Amino acid sequence: MYNSQNYKGINLNNLILSDLDFTLLRSDLSISNFTKNIWNEAAKKFKLSIATARSFTGVTELLKGIHLKEPLILLDGTIISSPDGKIIDMSAINKELGDNILDTISKELKIYPLIVAYTDRGEEFFYPKLLNIYQKELLSSMKNRKRVFENSQLRAKENNLKIVYLTSKDEANILTSLLNRFNDNIEIKSSKDPYIDCYFTTILHPKGDKAHALKKLEAIEGANFNHTTVFGDSHNDIALFKEAKTKIAVANAIDELKELATVVLPHTNDEDGVGKYLQKHFLATKQERE
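Residues numbered from 1 in each chain as written. Predicted model: local features only at pLDDT ≥ 70, side-chain atom pairs only at ≥ 80, totals over all residues. Heavy atoms only, no water.

Caption draft 1: Inspection of unusual backbone geometry at higher detail. The backbone phi angle of Phe22 is positive, close to 65 degrees, even though this residue is not glycine. Its location among the elements puts Phe22 in helix α1 (residues 20-24). The buried category is assigned to Phe22, whose relative accessible area is 17%. At Asn183, a residue that is not glycine, the phi angle is positive and equals roughly 50 degrees. As for its placement among the helices and strands, Asn183 is situated in the loop between α6 (169-179) and β10 (187-192). (Helix = DSSP H or I, 4+ residues; strand = E, 2+ residues; numbered from the N terminus. Buried < 20%, exposed > 50% of the residue type's maximum accessible area, 1.4 Å probe, protein only.)

Shown next, in the form of structure tokens:
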């Protein structure tokens, strides 16, 4: 691992991807004017984009003033879209498998998920009539969002991008054990949520993660492993880090991600870690970098 105070030898890679929450975004979901200006300047010279668990709608709401010119990796990698929201690639769980998952979990644990699906109207968010306390808290933050619908008899859709259970840690462990019976048909990600005091267990298509999306984006952009830099902070960035040449962890990243990092930054997301790195290594002169 490179020393966080010495960046010599890092290549000026031409495809740069950043996670959003607790990486590019501050903890209050804002972006400083400093980072906005640095990002927009770097975007004139390099291919900058994002790899996030958020939807296209969420991204456009949060990144006002940020220039996005390259395809976007959205919803944990289930979708690659153009900057104006057109779908370039999608990896979704089909209805039959989705319903099997819902039936298995409801039978064993009597709980129901939230579903993010792609319909003929675009990305839509569905929730059950009976909500647990964690789901209620999440939905309270989505009151003003469009395309959020209650389903009294929640069933899987034709294209399920994410099936998400919000539970306690103990329930999350049981969930993971039950879901393992689906073997290679799904990808399971379980981690503590940074905003709500619960665990998110997210079920994805086996090729619907950030790592697979990165490979697809490299092909789209004509980039390769040796010319890719990624920024991240948490569990859903681990596979992404394993697929990139240069991986940058912000100072507030989880230890597991720091162990995989090429560089651990001395700055957190609240201290403009991504912006300061871009300024020094992609905009500064060689003498300034040294």
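Caption draft 2: Structural detail: the sheet that holds strand β1 (residues 15-18). Taken together, 5 strands build an open sheet; the order of strands is β2-β1-β12-β13-β14 and the sheet is parallel. Every other strand in the sheet has two partners, leaving β2 (47-50) and β14 (263-264) as the edge strands with one partner each. The pairing of β1 with β2 spans 4 bridges and is parallel. Following the sheet pairing, Leu17 is matched in β2 by Ser49. (Pairing = 2+ DSSP bridges.)

Caption draft 3: Quick look at the environment of Asp19. Within the fold, Asp19 resides in the loop between β1 and α1. In this structure Asp19 comes out as buried when scored by relative accessible area, which is 5%. Remark: the alpha-carbon pair of Asp19 and Thr52, spanning 33 residues in sequence, is separated by 5.2 Å. Apart from residues no more than four positions distant in its own chain, Asp19 is found in contact with Leu24, Ala51, Thr52, Lys210, Phe231, Gly232, Asp233 and Asp237. A distance of 2.9 Å separates the side chain of Asp19 from the side chain of Thr23, its partner in a polar contact. At 3.1 Å, the side chain of Asp19 forms a polar contact with the side chain of Lys210. (Contact = heavy atoms within 4.5 Å. Polar contact = N/O pair within 3.5 Å; in protein donor to acceptor, adjacent residues only side chain to side chain.)

Caption draft 4: Here's a closer look at the environment of Ala211. Here Ala211 lies in helix α7 (residues 210-221). Residue Ala211 is classed as buried on the basis of its relative accessible area, which comes to 7%. For Ala211 and Asn144, which are 67 residues apart along the polypeptide, the C-alpha to C-alpha distance reads 32 Å. Those residues in contact with Ala211 that lie beyond four places of it in its chain are Ala239, Leu240 and Glu243.

Caption draft 5: Spotlight on the sheet that holds strand β3 (residues 72-74). In spatial order, the strands read β3-β4-β5; together these 3 strands make up an open sheet with antiparallel pairing. With one partner strand each, in any of the chains shown, β3 and β5 (87-90) form the two edges of the open sheet. For this sheet, the mean angle separating the axes of adjacent strands, direction not counted, is 20 degrees. Sheet strands in contact with α7 are β3, β4 (79-81) and β5, and its direction is about 25 degrees off that of β4. (Axes fitted to C-alpha atoms, helices over the stretch in contact; angles between N-to-C directions.)

Caption draft 6: Spotlight on helix α2 (residues 33-42). Listed in full, the buried residues belonging to α2 are Thr35, Ile38, Trp39, Asn40 and Ala42. In this fold, the buried residues of α2 make contact with β1, α1, β2 and α10 (273-283).

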